[in-house]
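# Structural characterization, general
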Amino acid sequence: MTVYLVNPSHVSFGIGVITPRWLYVLAAATPAAVGAPCLIDETLERFDTAAIAAGDVVGIGIHTGNALRGYEIGTAARAAGAYVVYGGIHASLYPDEARQLGSAHTVVTGDGERAWPEALRDCMAGAPRDHYAGGRIEGETFLAGRWDLLPAGRYMWASVQTVRGCPKHCSFCSVWRTDGQRPRSRHVDQVLDEVVELRRRGFRFIALADDNFYPVTLSDLRMAARRKDPSQLERLEAIRAERFELMEALAQLPADTVFFTQITMEAAEDPEFLDAMHRAHIRGALVGVEAVTPEGLKDVYKDFNESGEALVTRLQAFRRHGLHVLGSFIFGLPSDRASTFDATLSVAQRAGVTFAQFVMLTPFPGTLDFAAWEKSLGTEPPSIGGVPLSRHWLIPQANRPKVYMEHPVMAPDEIRNRTQAVWDRFYSLSSIWSRSKGAVSSLRGRLAFVLISKIYRQMYANTGIATDSARVNRSAQWARLMAIPCRRLFAGRPMPDLTVTRPARQPSARPIEIQHPQAPDLV
Ligand code: SF4
């Protein structure tokens, strides 16, 4: 009997950018008596389902983008006589769909750390229940990944989680509804131990795969301080203190460690926090800029962000404190006009973001946008090949539209073409080369920067926005070729003897503010 854990993907690149953390965490949650599960990541290569035998257990984790491929695997697994278990955000939102279209024996909803081993035991006993509710477990019970199961030389970045949940409520995002708005922080020692293990294994680049690394802002603290009841302020201060404690611990790692994370733009107002991030070897962050106009920010319930010139200044603050920014922008918002595309590109360039992604507004299940859009389609939504548009993830990849939400003034093709043009201009060779000057200093480093920028563009833009499958295949092929030298750039020297001791706690000591004239080299 073999236990499989599968991360489905309709496109494979041979090399992965970031380890799919959930596979390794659920491997750790798998009872020791069962033995090590067989981990399948289809972003590396396609899973040959002919290997599945009767009596095997196949756990499939799905998000909306890979649900259809997940259902194909589940259907093949059940036909082979295996037990099929689904989990992940999409299965939590649509458990019945996984049963009807993915041949699920059972579905795990919510966090999988406790529910997966229970489902697995019942499958092995031949009597799985219909549903296992994983709920939201507390931070101290998050598990470290079974990194001993990592295939050698296949991933560029490792991943570690420090906090789940996000207190915001952006309309296009499901994180705050699925992981909750209360930040659930992991214990500092557990994070540090896991990071040390990954550095021992030769990972120098590690993604802090958090929903929001900056869960308490200065304005949250100011607002809480105005309340009569001090309990909220105390709670927020405790979360903030824990973040600082974590960063002080990460600061003890070898100097060439590089972390990358996700934060909200409000962190730019908090120099103490940014400096602590820098000391902790956090060299970059994905910042959800989303829109460059006040109207656009209102569209996505993100009016805590800045717009216009204030936005440029805020983004520049990250660089002043030694942090590179991967700016994330959304196109296709109701207030967008033809001029928005150029304006967005100009902000991205003037603000000095090191990388950028330009995504088209897509109504993902579990979001406020999706609920409003689904309602607007009425009881008889338009369909493609018999699949209602409101279940767009079930439309085969090649026929799936790229723009779903009707725009007041622009046609879907106009939005797609203009989005593609912004990607093309931001990632033109001359733009990348001139950006590389601010990101790295050596010629080798600049060449590496060009390679990384190009691969990022091929993997994320061309395989996502292109409408014809030939272009998608070509891009995947290019990405495959470039991924091999790119991975070598990220590989670190294994440090089997590395030990890191946490500094003694000094609650009253305030971190010293430091100035960084330039963000440090990335590679
Ligand atoms: S987009 Fe980011 S800030 Fe907004 S709710 Fe999602 S995780 Fe939080």
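Residues numbered from 1 in each chain as written. Predicted model: local features only at pLDDT ≥ 70, side-chain atom pairs only at ≥ 80, totals over all residues. Heavy atoms only, no water.

### Points about helix α13 (residues 338-350)
Quick reminder: α-helices carry 3.6 residues per turn. Residues three or four places apart thus point the same way. As a reminder of what qualifies: Accessible area is worked out with a 1.4 Å probe on protein chains only. A residue is then buried under 20% of its type maximum, exposed over 50%, and partly exposed in between. Numbering of helices and strands starts at the N terminus; helices are DSSP runs of H or I of at least 4 residues and strands are runs of E of at least 2. By construction, the arc corresponds to the directions joining the helix axis to the C-beta atoms. Pairs of residues are marked as contacts when any of their non-hydrogen atoms sit within 4.5 Å.
Of the positions making up α13, those classed as buried are Thr 340, Phe 341, Thr 344, Leu 345, Val 347 and Ala 348. Looking straight down α13, one finds that the buried residues subtend no more than 160° of arc, so they occupy a single side. Residues of α13 that are buried sit in contact with α12 (308-320), β14 (324-331), β15 (355-360) and α15 (412-426). Residue Gly 352 follows α13 closely and has a positive phi angle near 75°.

### Things to note about the sheet that holds strand β3 (residues 38-41)
Rule in force here: Strand pairing is assigned whenever DSSP detects at least two bridges linking the two strands. For helices, the fitted axis covers only the stretch in contact; all axes are lines through C-alpha atoms, and the angles between them, taken along N-to-C directions, range from 0 to 180 degrees.
What the six strands build is an open sheet, ordered β3-β1-β4-β5-β6-β7; its pairing is parallel. The strands lining the two open edges of the sheet, one partner per strand, are β3 and β7 (131-133). With strand direction ignored, the average angle separating the axes of adjacent strands in the sheet is 20°. With four bridges connecting them, strand β1 (residues 3-7) and strand β4 (residues 57-61) associate as parallel partners.

### Notes on helix α1 (residues 21-29)
Most of α1 sits inside the fold, with seven of its nine residues counted as buried. Buried within α1 are the following residues: Arg 21, Leu 23, Tyr 24, Val 25, Leu 26, Ala 27 and Ala 29. Next to the buried residues of α1 lie β1, β3, α5 (112-124), β8 (155-160) and α7 (188-200).

### Remarks on the sheet that holds β14
In space, the seven strands of this open sheet follow the order β2-β8-β11-β12-β13-β14-β15, with parallel pairing throughout. Edge positions in the sheet fall to β2 (16-18) and β15, since each has one partner strand and no second. Mean inter-strand twist for the sheet, computed between neighbouring axes without regard to direction, equals 25°. In this structure, strand β13 (residues 282-290) lies alongside β14, joined through six bridges in parallel fashion. Paired with Leu 286 across the bridge in β14 is Leu 326.

### Notes on the pattern of salt bridges
Two side chains bearing opposite charge may form a pair once their charged atoms approach each other closely. The criterion, for reference: Each salt bridge in this description consists of a side-chain nitrogen of Lys or Arg and a carboxyl oxygen of Asp or Glu lying within 4 Å of one another.
Enumeration over the complete set of coordinates arrives at 30 salt bridges. Residue Glu 197 pairs with Arg 201 through a salt bridge whose shortest N-O separation is 3.0 Å. Judged by its relative accessible area of 24%, Glu 197 falls in the partly exposed class. Note on Arg 201: relative accessible area 39%, which makes it partly exposed. In this structure, the salt-bridge partner of Glu 306 is Arg 314, at a minimum N-O distance of 4.0 Å. Judged by its relative accessible area of 10%, Arg 314 is buried. Taken together, the salt bridges that share partners define one network made up of Glu 42, Arg 46, Arg 69 and Glu 72.

### Description of a nonpolar patch on the surface
Note the following rule: Residues enter a patch when their relative accessible area is above 30% and they make no salt bridge; the linking distance is 9 Å between like charges and 5 Å between nonpolar side chains (Val, Leu, Ile, Met, Phe, Trp, Tyr). Values of accessible area rely on a 1.4 Å probe in the Shrake-Rupley scheme; residue burial ignores everything except the protein chains shown.
Together, Trp 433, Leu 443 and Leu 447 make up a nonpolar patch on the protein surface, roughly 310 Å² of accessible area in all. Take Leu 443: it is sitting in helix α17 (residues 443-465). Leu 443 gets classed as exposed once you look at its relative accessible area, which sits at 57%.

### Describing the packing of α13 against α15
Where we set the bar: Under this scheme an angle from 65 to 115 degrees is roughly perpendicular, one under 35 degrees roughly parallel, and one over 145 degrees roughly antiparallel; angles in between are oblique. Helix crossings fall into two classes, left-handed where the near helix is turned counterclockwise from the far one by less than a right angle and right-handed where it is turned clockwise. Under the scheme applied here, ten amino acids are nonpolar (Ala, Val, Leu, Ile, Met, Phe, Trp, Tyr, Cys and Pro), four are charged (Asp, Glu, Lys and Arg), and all others, including Gly, are polar.
Where α13 meets α15, the closest approach of the two axes is 10 Å, and the angle between their N-to-C directions is 20°. With respect to α15, the element α13 is oriented roughly parallel. Note on packing geometry: the crossing formed by α13 with α15 is right-handed. Facing α13, whose interface residues are Ala 338, Phe 341, Asp 342, Leu 345, Ala 348 and Gln 349, α15 presents Glu 414, Ile 415, Arg 418, Thr 419, Val 422, Arg 425 and Phe 426. Tallied by class, residues from the contact of α13 with α15 come to seven nonpolar, two polar and four charged.

### Digging into the nonpolar core
Our working definition: In this description, a nonpolar core means a group of buried Ala, Val, Leu, Ile, Met, Phe, Trp, Tyr and Cys residues linked to one another through side-chain atoms lying within 4.5 Å.
Ranked by size, the top nonpolar core spans 107 residues in total, and within it Trp 116, Phe 213, Leu 250, Ile 263, Met 277, Leu 315 and Phe 318 carry the most contacts. For Leu 315, the contacting residues outside a window of four places in its chain are Met 265, Val 287, Val 289, Val 325, Ala 351 and Val 353. Counting residues in each nonpolar core, the second largest holds 38 residues, with Val 84, Ala 291, Val 387 and Tyr 404 among its members.

### Let's talk about the side chain of Thr 109
Examined against the element boundaries, Thr 109 turns out to sit in strand β6 (residues 106-109). The buried category is assigned to Thr 109, whose relative accessible area is 13%. With sequence-adjacent residues up to four places away left out, Thr 109 is seen in contact with Ala 91, Ser 92, His 131, Tyr 132, Ala 133, Gly 134 and Gly 135.

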